[in-house]
Amino acid sequence: MLKKIVLCSLLGSPALASEDIADQYPASLLYSKPVEVIPHVFSAIGATAPSTYENAGHNNNLSFILTGDGVVVINAGGSYLLAAALHSEIKTLTDQPVRLVINENGQGHAMLGNSYWADQGVKIVAHIDAAHEFEDRGGQSLSGAENRLQDRAQGSRVVLPDETFEDVYRVPFGDMNIQALHLGPSHSPGDIVVWMPEQSLVIAGDIAFHERMLPIFEDTITIDWLETWEEEFERLAATYVIPGHGHPTNMAQVRRYTRDYLVYLREKVGEHLDAGGDLAEAYYVDQSPYAHLDTFEELATKNAGRVFEQMEFE
């Protein structure tokens, strides 16, 4: 009964997240202490603010699964020391060794912690596009982390995954059916989800956002993201969703703040284009229905400009 109460609280309490709280777990470099979302599946929920020294770069969700025959970690973490902090928390919960790390994409906060896990002899797996992204831009990601995190970036280095896959990677140990799936293009190159069909739980990575505004990068093709969402992600019909950012929730909530936001923004920019509007004005299309989201001030105008540049030539 207690576990059900905790889970209901996690799934229904968006007020718990705030970009104004610099650190929710001062005893650790982790932004928050890992919580058990469903039995054997834990997540340390990152800050909904951008990466900062105060949150130690923990601004995404770092999840792990106790399989009965070893631990699977989803996201290496944004630094060597952050990965070490996550490992310390895992050791308080189980004697099972960490046997596998899955990088959810090629961004720094998913892969810079590879350096720690490699030093522990843990196998690291990622989508082939994420590996290429990290190979091409890993040095830039590391430099940015060192500038932001300073001494908290100590020990971090660029380490590529040991194995890559294209469509499906099935965890080869433990007594759970755990699949890493590349559903198609979404937020950034090599985005994957981790799907547990028997538990109806998806660790969605950056295909799904909650409680904070999603960023649209230069290489984020929104029309492709929407197609992946509607043709593949929705078909999972997951009961539980651990998004890339924000607290664990359900499909309705991540749909509202990811798919519906993309549709809304494209509609507004489309209206602006039809009226003969230019890029300078496109930055300020109405996004007020989403103004309550964390990082709105940092991202809304950038998102609108990038969608305008895409739709102008669609």
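How each quantity is defined
Residues numbered from 1 in each chain as written. Predicted model: local features only at pLDDT ≥ 70, side-chain atom pairs only at ≥ 80, totals over all residues. Heavy atoms only, no water. Helix = DSSP H or I, 4+ residues; strand = E, 2+ residues; numbered from the N terminus. Buried < 20%, exposed > 50% of the residue type's maximum accessible area, 1.4 Å probe, protein only. Contact = heavy atoms within 4.5 Å. Pairing = 2+ DSSP bridges. Axes fitted to C-alpha atoms, helices over the stretch in contact; angles between N-to-C directions. 1 Å grid on protein atoms, 1.4 Å probe; cavity = no way out; pocket = protein on both sides within 12 Å on 5 of 7 lines; lining within 4 Å. Points joined across faces, edges and corners; volume = space filled by probe spheres on them. Nonpolar A, V, L, I, M, F, W, Y, C, P; charged D, E, K, R; others polar. pLDDT = per-residue confidence, 0-100. Salt bridge = Lys/Arg side-chain N within 4 Å of Asp/Glu carboxyl O. Left-handed = near helix turned anticlockwise from the far one by under 90°.

Enquirer: So what exactly am I meant to see when it comes to the environment of Phe134 here?
Expert: Among the secondary structure elements, Phe134 is positioned in helix 5 (residues 128–149). The class of Phe134 is buried, set by a relative accessible area of 0%. Taking the C-alpha atoms as reference points, Phe134 and Met111, separated by 23 residues in sequence, lie 7.7 Å from one another. Not counting chain neighbours up to four residues away, the residues in contact with Phe134 comprise Gly106, Met111, Leu112, Val158, Val159 and Leu160.

Enquirer: Whenever I open this one, the sheet that holds strand 8 (residues 168–170) confuses me. Can you help?
Expert: To summarise the sheet geometry, strands pair through backbone hydrogen bonds and adopt either a parallel or an antiparallel arrangement. Spatially, 5 strands are ordered 8-9-10-11-12 in an open sheet, and the strand pairing comes out mixed. The sheet is open, and its two borders are formed by strand 8 and strand 12 (240–245), each paired with just one other strand. Ignoring strand direction, the axes of neighbouring strands in this sheet form an average angle of 25 degrees. Across 3 bridges, strand 10 (residues 193–196) lies against strand 11 (residues 201–209) in antiparallel orientation. The residue bridging Val194 from the neighbouring strand is Ile203, located in strand 11. Here helix 7 (residues 251–274) sits on the sheet in contact with strand 11 and strand 12, set at roughly 10 degrees to strand 11.

Enquirer: Would you explain the layout of surface pockets in this entry?
Expert: Empty space among the atoms becomes visible once a probe the size of a water molecule is rolled across them. The space that makes up the largest pocket amounts to roughly 1100 Å³. Of all the secondary-structure elements, those providing two or more residues to the lining of the largest pocket are helix 3 (108–111), helix 5, strand 11 and helix 9 (296–311). Considering every element that reaches the lining of the largest pocket, the biggest residue donor is helix 5, with 8 residues. For the lining of the largest pocket, a count of residues per class yields 10 nonpolar, 16 polar and 10 charged.

Enquirer: Before we go on, may I ask you to explain the confidence of the model for the protein in this structure?
Expert: Of all residues in the protein, 95% have pLDDT values of 70 or greater, and the mean over the chain is 94. Counted against residues more than four places away or in other chains, residues 1–15, with its pLDDT under 50, gives 15 contacts.

Enquirer: Help me out: how do you make sense of unusual backbone geometry in this one?
Expert: Note: most residues except glycine have negative phi, and most peptide bonds are trans. Of note, Ser200 is a non-glycine position whose phi angle comes to about 55 degrees, a positive value. Judged by its relative accessible area of 16%, Ser200 is buried. Phi at Thr295 takes a positive value of approximately 65 degrees, unusual for a residue other than glycine. Its location among the elements puts Thr295 in the loop between helix 8 (279–282) and helix 9. Residue classification places Thr295 among the buried positions, given a relative accessible area of 2%.

Enquirer: Is there a simple way to explain the pattern of salt bridges in this structure?
Expert: Close approach of charged atoms allows side chains with opposite charge to pair. Taken as a whole and judged by the stated rule, the model has 12 salt bridges. Close ionic contact of Arg259 with Asp260 constitutes a salt bridge, the shortest N to O distance being 3.0 Å. Residue class for Arg259 comes out partly exposed when judged on its relative accessible area of 26%. One network of salt bridges, in which partners are shared, links Glu133, Arg137 and Asp219.

Enquirer: Just to check I follow, could you spell out the packing of helix 7 against helix 9 for this structure?
Expert: Helix packing for two helices is described by the angle between their axes and how far apart those axes are. Relative orientation of the contacting elements helix 7 and helix 9 amounts to 65 degrees, with a least axis distance of 10 Å. Crossing handedness for the pair helix 7 and helix 9: right-handed. Contact with helix 7, carried on its side by Tyr261, Leu265, Arg266, Val269, Gly270, His272 and Leu273, involves Asn303, Ala304, Val307, Phe308 and Met311 of helix 9 and no other residues of that element.

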